[in-house]
Amino acid sequence: MDFYKNAIKRMKSNKSLSMNRKTIAIVLTIIVIVIMIFMYNPSILTPVFIPIVRNRLSSGLDNPKSFGLLKIVYNGDQILFKSKHWDHPREHEPRAIVTVTDINDFITSVIKDNEIGLGESYVHKSWFADDLMIFIQIMCFNFDTNKSVRMPMTLKSKSMDQKNIEYHYDVGNDFYETFLTDKLMAYTCGFWKDPRETLDDSQFRKVDTVLTKLKLKPGMKVLDIGCGWGRIGDYVSNKEKVTVYGLTISRAQYDYMKKNTSVIPIYGDYRDIAKLTNHMKFDAIYSIGMYEAVTQFNGTMFFDQVKQSLKDNGVFVMHCISSIDTSKPQDYMGDSYVLKHIFPGGQIPDVQWIYRHIRDSRMSLIHHEMFGGQHYAETLKHWRQNMLKSRDYLLSRGYKEELIRSYEYYFSSCEAAFRANTMGLSHFVIVNHPIADIRNDGNYLCPSINAN
Ligand SMILES: C[S@@+](CC[C@H](N)C(=O)[O-])C[C@H]1O[C@@H](n2cnc3c(N)ncnc32)[C@H](O)[C@@H]1O
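Conventions used here
- Residues numbered from 1 in each chain as written.
- Predicted model: local features only at pLDDT ≥ 70, side-chain atom pairs only at ≥ 80, totals over all residues.
- Helix = DSSP H or I, 4+ residues; strand = E, 2+ residues; numbered from the N terminus.
- Buried ≥ 20, exposed ≤ 12 C-beta atoms within 10 Å, placed from the backbone.
- Pairing = 2+ DSSP bridges.
- Right-handed = clockwise from strand over helix to strand, strands pointing away.
- Axes fitted to C-alpha atoms, helices over the stretch in contact; angles between N-to-C directions.
- Contact = placed C-beta atoms within 7 Å.
- Expected span 1.5 Å × (residues − 1).
- Parallel < 35°, antiparallel > 145°, perpendicular 65-115°, else oblique.
- Left-handed = near helix turned anticlockwise from the far one by under 90°.
- Core = buried A, V, L, I, M, F, W, Y, C linked by C-beta atoms within 7 Å.
- Domains from an automatic or database assignment.
- Near = placed C-beta within 6 Å.
- Nonpolar A, V, L, I, M, F, W, Y, C, P; charged D, E, K, R; others polar.

Here the focus is the overall build of the chain. Along the chain, the regular secondary structure elements total 16 helices and 11 strands. Looking at the chain as a whole, 42% of its 452 residues are labelled buried.

A word on the pairing of strand S5 (residues 221-225). Summarising burial for S5: four of the five residues are buried, a large majority. Direction of pairing for S5 relative to strand S6 (residues 243-248): parallel, over a ladder of five bridges. Note that in S6 the partner of Leu 223 across the bridge is Tyr 245. Regarding topology, helix H8 (residues 231-240) serves as the crossover connection from S5 to the parallel S6, and that connection is right-handed. In this structure, S5 lies alongside strand S8 (residues 282-288), joined through three bridges in parallel fashion. Bridging from a neighbouring strand, Asp 224 pairs with Tyr 286 of S8.

A few words now on the sheet that holds strand S3 (residues 95-100). With mixed pairing, four strands are arranged side by side in an open sheet as S2-S1-S3-S4. At either end of the open sheet lies a strand with only one pairing partner, and these are strand S2 (78-82) and strand S4 (127-129). In this sheet, neighbouring strand axes are inclined to one another by 20° on average, regardless of whether the strands run parallel or antiparallel. With four bridges joining them, strand S1 (residues 69-74) and S2 adopt antiparallel strand pairing. Within S2, the residue paired with Tyr 74 across the bridge is Gln 78. Where helix H3 (residues 103-123) meets the sheet, its contacts fall on S1, S3 and S4, and the angle it forms with S4 comes to roughly 60°.

This part takes up helix H14 (residues 374-389). An ideal rise of 1.5 Å per residue puts 22 Å on 16 residues; H14 measures up with 23 Å between its terminal C-alpha atoms. Residues of H14 that are buried include every one of His 375, Tyr 376, Ala 377, Glu 378, Thr 379, Leu 380, His 382, Trp 383, Arg 384 and Met 387, and no others. Buried-residue contacts for H14 involve helix H6 (173-179), helix H7 (199-214), strand S10 (364-371), helix H16 (401-419) and strand S11 (423-431).

Moving on, we come to the sheet that holds S5. If you walk across this open sheet you meet the seven strands as S7-S6-S5-S8-S9-S11-S10, and the pairing is mixed. Sheet topology places strand S7 (264-267) and S10 at the edges, where each strand pairs with a single neighbour. The average undirected angle you get between the axes of adjacent strands in this sheet is 15°. Strand contacts of helix H9 (residues 251-260): S6 and S7, with the helix running at about 165° to S7, the strand carrying the most contacts. Contacts from helix H13 (residues 351-360) reach strand S9 (310-323), S10 and S11, with the element oriented near 10° to S11.

The subject of this paragraph is the packing of H3 against H16. Contact geometry for H3 and H16: axes closest at 8 Å, N-to-C directions at 140°. In terms of orientation, H3 lies oblique with respect to H16. Taken as a pair, H3 and H16 cross one another with a handedness that is right-handed. Counted together, Gly 119, Tyr 122 and Val 123 of H3 and Glu 402, Arg 405, Ser 406, Tyr 409 and Ser 413 of H16 form the full contact between these two elements.

Bringing the environment of Ala 129 into the picture now. Examined against the element boundaries, Ala 129 turns out to sit in strand S4. On the neighbour-count criterion, Ala 129 (18 C-beta atoms within 10 Å) is partly exposed. Sequence separation between Ala 129 and Ala 96 is 33 residues, and the spatial gap between their C-alpha atoms is 7.0 Å. Residues in contact with Ala 129, not counting those within four places in the same chain, are Ala 96, Val 98 and Phe 135.

Here we come to the nonpolar core. Membership of the largest hydrophobic core comes to 107 residues, with the highest contact counts inside it found for Phe 135, Ile 232, Ile 285, Phe 316 and Ile 430. Two domains share this core, each providing at least three of its residues, namely domain 2 (43-142) and domain 3 (158-450). Not counting chain neighbours up to four residues away, the residues in contact with Ile 232 comprise Leu 184, Ala 186, Val 207, Asp 224, Cys 227 and Ile 288.

What follows concerns the site of the ligand. In the vicinity of the ligand there are 21 residues, among which Thr 188, Gly 226, Gly 228, Ile 249 and Ala 293 approach most closely. Every element with two or more residues in the shell around the ligand is listed here: helix H5 (158-169) and S6. Taken together, the residues of the shell around the ligand sort by class into 12 nonpolar, seven polar and two charged.

Dropping the structure here:
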């Protein structure tokens, strides 16, 4: 009897097992079909994704801590999202209206790639904003991290850097000249005291601040690592009566520098400084806005090269962007598009890594000064305005509308990120001793920007 009961039980449980298997198979098939539809024609799923995007926006923009109001419209008068308090803004609360012209591209790009998708769909002209920078600033402020984006951070090779630089700087010198309109053609932030100042005022103040820290004397030999088009080095060499050598990995910058400046140009990679300069020892070295291309994995290699090329009593001054929240320097909204499309292979430096790299290369940090992001934000605003003023000229020179929109997105998103206080700037003054000490001539006391 028991034998028959057990046999019936076994048959029933096998049946439910096969039922379960069937359900799993059906669910898997549906998932595969959905993925295939999404890959081949993602727009079919737009109606499914709209509520997901709406909820995501609402979670960041409709909570008690949010600041900034947003309205997104599409198909003429359809509202994709409207902040709860849209009609009751607080004092000085920023507001932005986004008009979506291609809802399928907008939605699928954002679902697939978050901020990168947002930037890419802007470049495709799938949406416009009444004020692009304000819109991204609202996003930066309310969406802390862009969790779906992680830039692959590996040890970068010289050939990778070479490719990245060609991609960026060799776009064309005339392209850069339309927005870097200051006499120094500086492609780093200026230091501002007043928004009514010009780009020139701010860039000269920045370089002069570096010079106060370098304390050069006539006749010295100075190296500029990552020297851009060489006009900063030219200014330094004329002002301080020193000889400036400029290192760049961009062929277009090297050619420009050779033709137009007094800087002795060196073409190559920072990992080869000692080799490229025949093991020359410099009285002083500076680097303005190049460390962002080094990344945490190559930091010690960078400082090792500086150490080898600096005289024992020499000083190295480094100016770079630095993250303010060092716990997650890679995660800011406003960076991901730029790191993928504008500066591939770059990384926002973290001050803690820099401290470690300096120590590991047996040099000493004697002064570290931080500046707020507003200096870079103001500079980026000028670059954006300058470039947009030259839009027709750039188009007539054969530059594509997509490139202009991509740089517009880059300038706006970086300005927004700096204004939302996710990044700032740092000056490091470093000496070539493993153990730091006060020099008896007092030369190691570094005045700040405000002392001028
Ligand atoms: C943002 S620009 C700054 C230029 C200039 N210092 C200024 O303030 O305008 C960065 C510079 O670093 C150089 N650079 C980037 N990666 C490099 C590498 N691996 N080796 C040498 N130079 C590099 C670029 O060619 C460019 O000149």
